Amino acid sequence: MTVFIPQNELSDENIAAAGEILRRGGLVVFPTETVYGLGANALDGKAAKKIYAAKGRPSDNPLIVHIASPKDAEDIACTNEAYYKLASAFMPGPLTVILPKREVIPSATSGGLDTVGVRCPSHPVAHRLILSAGVPIAAPSANLSGKPSPTKADHIRADLEGKVDMILDGGEAAVGVESTIVKLDADGTATLLRPGGITHEMLQRVLGRVDIASAVTEALPKDARPLSPGMKYRHYAPRAPLTLLDGDDARRIAYCQKAPADTLLLVFDEETDLFAGHKVVPLGKKADKQSQLHRLFAALIEADAEDPRQILAPLPATDGLSLALYNRLCRAAAHHIKKL
Ligand code: AMP
Ligand code: MG
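I will try to describe carefully the structure that is included in this document. (Residues numbered from 1 in each chain as written. Chains lettered and ligands numbered in written order. Predicted model: local features only at pLDDT ≥ 70, side-chain atom pairs only at ≥ 80, totals over all residues. Heavy atoms only, no water.)

## A look at the environment of A190
Put simply, the rule reads: In DSSP terms, a helix is any run of H or I states spanning at least four residues, a strand is any run of E spanning at least two, and both are numbered starting from the N terminus. Residues count as neighbours in contact if any of their non-hydrogen atoms are within 4.5 Å of one another.
Tracing the sequence through the fold places A190 in strand β10 (residues 190-194). Between the alpha carbons of A190 and G146 there is a distance of 27 Å; along the sequence they are 44 residues apart. Aside from chain neighbours lying at most four places away, what touches A190 is V182, K183, L184, L207, R209, V210 and D211.

## Some thoughts on the site of ligand 1
Going by this rule: To be near a molecule or strand, a residue needs just one of its heavy atoms within 4 Å of it. Polar contact is the term for a pair of N or O atoms within 3.5 Å; when the atoms are in protein, one must be able to donate a hydrogen and the other to accept it, and sequence-neighboring residues count only if both atoms are side-chain atoms. Note that accessible areas follow from Shrake-Rupley with a 1.4 Å probe, and for residues the cover is restricted to the protein chains shown.
By nearness alone, 20 residues border ligand 1, and N61, P140, S141, R194 and G230 come closest of all. Interatomic distance of 3.3 Å between a side-chain N/O atom of R57 and an oxygen atom of ligand 1. Between G230 and ligand 1, the recorded distance is 2.7 Å, taken from a backbone N or O atom to an oxygen atom. For ligand 1, whose unbound accessible area comes to 500 Å², protein coverage reaches 96%. Of all elements in the fold, only β6 (115-119) and β10 reach the threshold of two or more residues within the shell around ligand 1.

## A word on the packing of aromatic side chains
Defined as follows: Here the aromatic set is Phe, Tyr and Trp, taking the six-membered ring for Trp, and pairing holds for ring centres within 6.5 Å; pairs whose planes are under 30 degrees apart are stacked, those over 60 apart are edge-to-face, and all others are tilted. Relative accessible area decides the class of each residue, using a 1.4 Å probe on protein chains only: under 20% of the type maximum gives buried, over 50% gives exposed, and in between gives partly exposed. Cation placement over rings: the criterion is NZ of Lys or CZ of Arg within 6 Å of the ring centroid and within 35° of the ring normal.
Here the structure, examined in full by the defined rule, presents one aromatic pair. Seen from their ring centres, Y83 and Y84 are 5.0 Å apart, and the 80° between their planes marks the pair as edge-to-face. For Y83, a relative accessible area of 0% gives the class buried. Relative accessible area serves as the criterion here: at 33%, Y84 is assigned to the partly exposed category. Over the face of the ring belonging to F4 we find R157, whose NZ or CZ atom lies 3.6 Å from the ring centre.

## With respect to the side chain of S322
Position of S322 among the secondary structure elements: in helix α11 (residues 322-332). Beyond its immediate stretch of four places on either side in the chain, S322 contacts K289, P316 and A317.

## Examining the packing of helix α10 (residues 289-305) against α11
Under the convention used in this document: Angles here are taken between N-to-C directions and fall from 0 to 180 degrees, while the axes themselves are lines fitted to C-alpha atoms, restricted in helices to the stretch in contact. Any angle that is under 35 degrees is reported as roughly parallel, and any over 145 degrees as roughly antiparallel; angles of 65 to 115 degrees are reported as roughly perpendicular and all others as oblique. If you view the pair so one helix is near and one far, a crossing is left-handed when the near helix is turned anticlockwise from the far one by less than a right angle, and right-handed when it is turned clockwise. Three classes are used: nonpolar for Ala, Val, Leu, Ile, Met, Phe, Trp, Tyr, Cys and Pro, charged for Asp, Glu, Lys and Arg, and polar for all others, with Gly counted as polar.
Where α10 contacts α11, the axes come no closer than 9 Å and their chain directions differ by 20°. In terms of orientation, α10 lies roughly parallel with respect to α11. When you trace α10 past α11, the crossing you get is left-handed. For the pair α10 and α11, the contacting residues are K289, Q292, L293, L296, F297 and L300 in the first and S322, A324, L325, R328, L329 and A332 in the second. Residue composition of the contact of α10 with α11, grouped by class: eight nonpolar, two polar and two charged.

## Brief notes about the sheet that holds strand β4 (residues 64-66)
Rules: Strand pairing requires that DSSP identify at least two bridges connecting the strands.
The 11 strands are arranged β1-β8-β2-β3-β7-β4-β6-β5-β9-β10-β11 in an open sheet whose pairing can be described as mixed. Each end of this open sheet is capped by a strand with a single partner; those strands are β1 (3-5) and β11 (211-212). Each of β3 (37-41) and β7 (137-138) is contacted by helix α2 (residues 45-55), which is oriented at about 150° to β3, the strand it contacts most.

## Quick notes on the pairing of strand β15 (residues 310-314)
Within β15, four of the five residues are buried, which leaves it mostly tucked inside the rest of the structure. The pairing of strand β12 (residues 242-246) with β15 spans four bridges and is parallel. Paired with L245 across the strands is P314, a residue of β15. As paired strands, strand β13 (residues 263-267) and β15 are joined by three bridges and run parallel to one another. Bridge pairing links T263 to Q310 in β15.

## Things to note about unusual backbone geometry
Of note, the amide linkage connecting M91 to P92 takes the cis form, showing an omega dihedral of -5°. Within the secondary structure layout, P92 lies in the loop between α4 (81-90) and β5 (95-100). Within the chain, D307 stands out as a residue other than glycine whose phi angle is a positive 55°. Looking at where D307 falls in the secondary structure, it is placed in the loop between α10 and β15. Positive phi values are uncommon outside glycine, yet H335 reaches one of about 60°. Assignment of secondary structure puts H335 in the loop between α11 and β16 (337-339). For H335, a relative accessible area of 27% translates into the label partly exposed.

What follows is the structure, given as C-alpha cells:
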C-alpha cells in the first residue's frame, strides 16, 4: 500500500515517518528542484534493488546518491579540489558530480561501477528527508523506465501507486529537467555527461575546460558503452513518433500548418493560435529557455495523453540552457530530425 502525503501535510512528523521507511529499506517518492525522485537507502543494496524493480530499470544503470550537505560526500566518495570548487559554486542545487566511490556504496547502488554520482538537492523537502533518514538516499527519477521524468505528484501516482511505500507531494518541480551530471577524473579531466539547469558554460567558468561526452549530442552507435550508462537507454519517449524540425520559425510554422490533422504540434506559447485544426501543446515562451525546460516533460506527457499519430517539435539550439532541451528532445525523438 502506498501512503500519499499531500503538500499541506508535510509536517515534521510525516517527514520523520518517511525517514523511518527509508532506514528500514522501503521506498519513498520525494520532490526535488529538478524532478521527483524515487528514493531508497543508498547504503542498503537490497533497498536499492527495489528501486530497479519498481521502475523496471536496467540493473547496470547507476543511481544518483543524495546528500544533505556537500561535505557528506566524504562518507561515500573520494572527493578532490574540483569537487569543492563545484560544490561552492552550485551546491545545494541541480548538479550531480561523479567521483570514485567508497566501499560503503554497494554495487546495486552504483550499477556495478566503481564510481558514484553525488548530489546535494536544494529542495527543502528533499533536504529535510535526507536529514530525517540519517542515511544518503539513492534516487533516480520517479518514472517508469523509458517514460518522461515526473514534475508533478499526479504523474507519479499513475506510474508508481502500489509499488512504493510513500509519496510526498511537494507541488510542481521548479527546474523540470534532471540534474546536470559532470564526471571528475583523477587526472583532473572534467566531462559533461548530461546537460541540465547548470550549463556547460557555467561549469567552464568554475573549472576551466570541461569536455562534452559525445552521447549528449549524438545518437550512440549500437553496443556503445557510454560514460553514463543511462544514455544508452531510450528515454523521455512518448508512444507516437516524434520528429524535430530544423529550420527557422517561419518554415517550421508553415510545415506544421500543412501536417496531417492527426499530428500533434509542440509549439511555443506565442504560436498556439496559428494552428486551427491541429492539437497543440505549448512548450513555454520562445525566448525563455528556463520556461521551456520547466515545461518539457509535462508537455511530452500531455502530448502522449492525446494519443496522436505523430508529434512535431522545434529542434533546439545547443548553447546555454538549450543544450539540455536539445539532449532531452533528441532522445525522445530517437534523433529523428527533419531539415526544412
Ligand atoms: P536518473 O536518476 O533517472 O536521472 O538517471 C541517473 C543518470 O545518472 C543515469 O543516466 C545514470 O547513468 C547516471 N549516473 C548515475 N551514476 C553514475 C555514475 N557513477 N557514472 C556515470 N553515470 C552515472
Ligand atoms: Mg530518469
